[in-house]
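Overview (structure and organization)
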Amino acid sequence: GVVLPSQFTPQIVYPTYTGVGPVGRGEITLRALRFLEIGSYISVSEHPISHQTPGGGAPNYDVSGSILLASGGALVKLRWDAAPWAALRFAVTVGLNYESFSLKGLASDNAAMPGFGLQVGLGLDFRLRVTDHLGIVAMFGMLSQPVGTATFPKETAHPNKSVGFAFQPDAFLGLGPELMF
């Protein structure tokens, strides 16, 4: 799938904007009730990022390159079988995010600013059954981080300082196979 443009901005850093990038996602679910599925998910995406630092103010960190975002946790899906061959599902996810920015313009050009946080997300997917055990799924989803931190590398003016890092929903689109047992 693809992850859509967004904004990821740790405190003390000027706004950092992301572009379209690849996303991979996997889910394992169990149909607990007729209209309910429970399970777990994992997703990994990489965004190209651009960062604009106006003159003065905060330290001039050139946050450029990309941001890696990995997330995993639990999911609950409400399911509506529109037909024997089609299902529409609404998902709620809760998990843990790991993200890593690349920071340029420092003593080491390989410096990274890692972070962690609570992930809360929503999703909507449509599954078209092709055979008894194979389907095609189209998905729209969002991951967010209402609470989290990021840590500056030692080469910065804020060595090993943890700062707040929450971000708005990050939307993605996906299309892929679903195996059913």
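Predicted model only: the values in this text are computed from it and were never measured.

Bringing the side chain of Glu99 into the picture now. Mapping Glu99 onto the fold places it in strand 6 (residues 86-104). This buried residue, Glu99, is left without a salt bridge; Arg25 holds the nearest opposite charge, at 14 Å. For Glu99, the side chain forms a polar contact with the main-chain nitrogen of Phe116, separated by 3.4 Å. A polar contact is formed between the side chain of Glu99 and the side chain of Gln145, at a distance of 3.2 Å. The residues contacting Glu99, other than those within four sequence positions of it, are Ile67, Leu68, Leu69, Met113, Pro114, Gly115, Phe116, Gln145, Thr149, Phe165 and Phe167.

Now for the nonpolar core. Across soluble globular proteins, you tend to see nonpolar side chains buried next to one another. Phe8, Phe101, Met113, Phe165 and Phe172 are the most contacted members of the largest nonpolar core, which has 16 residues in total. Among the secondary structure elements, those contributing two or more residues to this core are strand 5 (62-83), strand 8 (134-151) and strand 10 (167-179). The leading source of residues in this core is strand 8, at 3 residues.

A separate point is the environment of Arg25. Positionally, Arg25 belongs in strand 3 (residues 21-33). With 19 residues separating them in the primary sequence, Arg25 and Val44 have C-alpha atoms 6.6 Å apart. For Arg25, the contacting residues outside a window of four places in its chain are Tyr41, Ile42, Ser43, Thr93, Met139, Leu143 and Phe172. Within polar-contact distance, the side chain of Arg25 engages the side chain of Glu27 at 3.1 Å.

Once that is clear, we can look at the side chain of Arg89. Its place among the elements puts Arg89 in strand 6. Relative accessible area serves as the criterion here: at 2%, Arg89 is assigned to the buried category. Here the side chain of Arg89 touches Glu37 through a polar contact of 3.5 Å, side chain to side chain. Of the polar contacts made by the side chain of Arg89, one reaches the side chain of Asp125; its length is 2.7 Å. Dropping the residues within four chain positions of it, Arg89 is found in contact with Glu37, Lys77, Leu78, Arg79, Gly123, Leu124, Asp125, Arg127, Val137 and Glu178.

So, about the packing of aromatic side chains. Taken as a whole, this structure holds 2 aromatic pairs when the rule is applied. Centroid distance Tyr98 to Phe116: 5.2 Å. Interplanar angle 55 degrees. Geometry classified as tilted. You can see Tyr98 sitting in strand 6 and its partner Phe116 sitting in strand 7 (residues 112-129), a full 18 residues away along the chain. Residue Tyr98 is classed as partly exposed on the basis of its relative accessible area, which comes to 29%.

It is worth spelling out the pattern of salt bridges at this point. All told, the structure shown has 10 salt bridges when counted by the stated rule. Close ionic contact of Glu178 with Arg127 constitutes a salt bridge, the shortest N to O distance being 3.6 Å. On the criterion of sequence distance, the pair formed by Glu178 in strand 10 and Arg127 in strand 7 is long-range, its members being 51 residues apart. Overall, Glu178 belongs to the buried group, its relative accessible area being 17%. One continuous salt-bridge network, built from bridges that share partners, spans Arg25, Glu27, Arg31, Glu37, Lys77, Arg79, Asp81, Arg89, Asp125, Arg127 and Glu178.

Looking at chain direction, strand 7 and strand 8 are connected through 14 bridges and run antiparallel. Paired with Leu124 across the strands is Phe140, a residue of strand 8. Joining the antiparallel neighbours strand 7 and strand 8 is a turn of 4 residues.

Cut-offs used in this document
- Residues numbered from 1 in each chain as written.
- Predicted model: local features only at pLDDT ≥ 70, side-chain atom pairs only at ≥ 80, totals over all residues.
- Heavy atoms only, no water.
- Helix = DSSP H or I, 4+ residues; strand = E, 2+ residues; numbered from the N terminus.
- Buried < 20%, exposed > 50% of the residue type's maximum accessible area, 1.4 Å probe, protein only.
- Lys, Arg positive; Asp, Glu negative; His and termini not counted.
- Salt bridge = Lys/Arg side-chain N within 4 Å of Asp/Glu carboxyl O.
- Polar contact = N/O pair within 3.5 Å; in protein donor to acceptor, adjacent residues only side chain to side chain.
- Contact = heavy atoms within 4.5 Å.
- Core = buried A, V, L, I, M, F, W, Y, C linked by side-chain atoms within 4.5 Å.
- Phe/Tyr/Trp six-rings, centres within 6.5 Å; stacked < 30°, edge-to-face > 60°.
- Pairing = 2+ DSSP bridges.

Remember that the coordinates give geometry; whether it matters functionally is a separate question.
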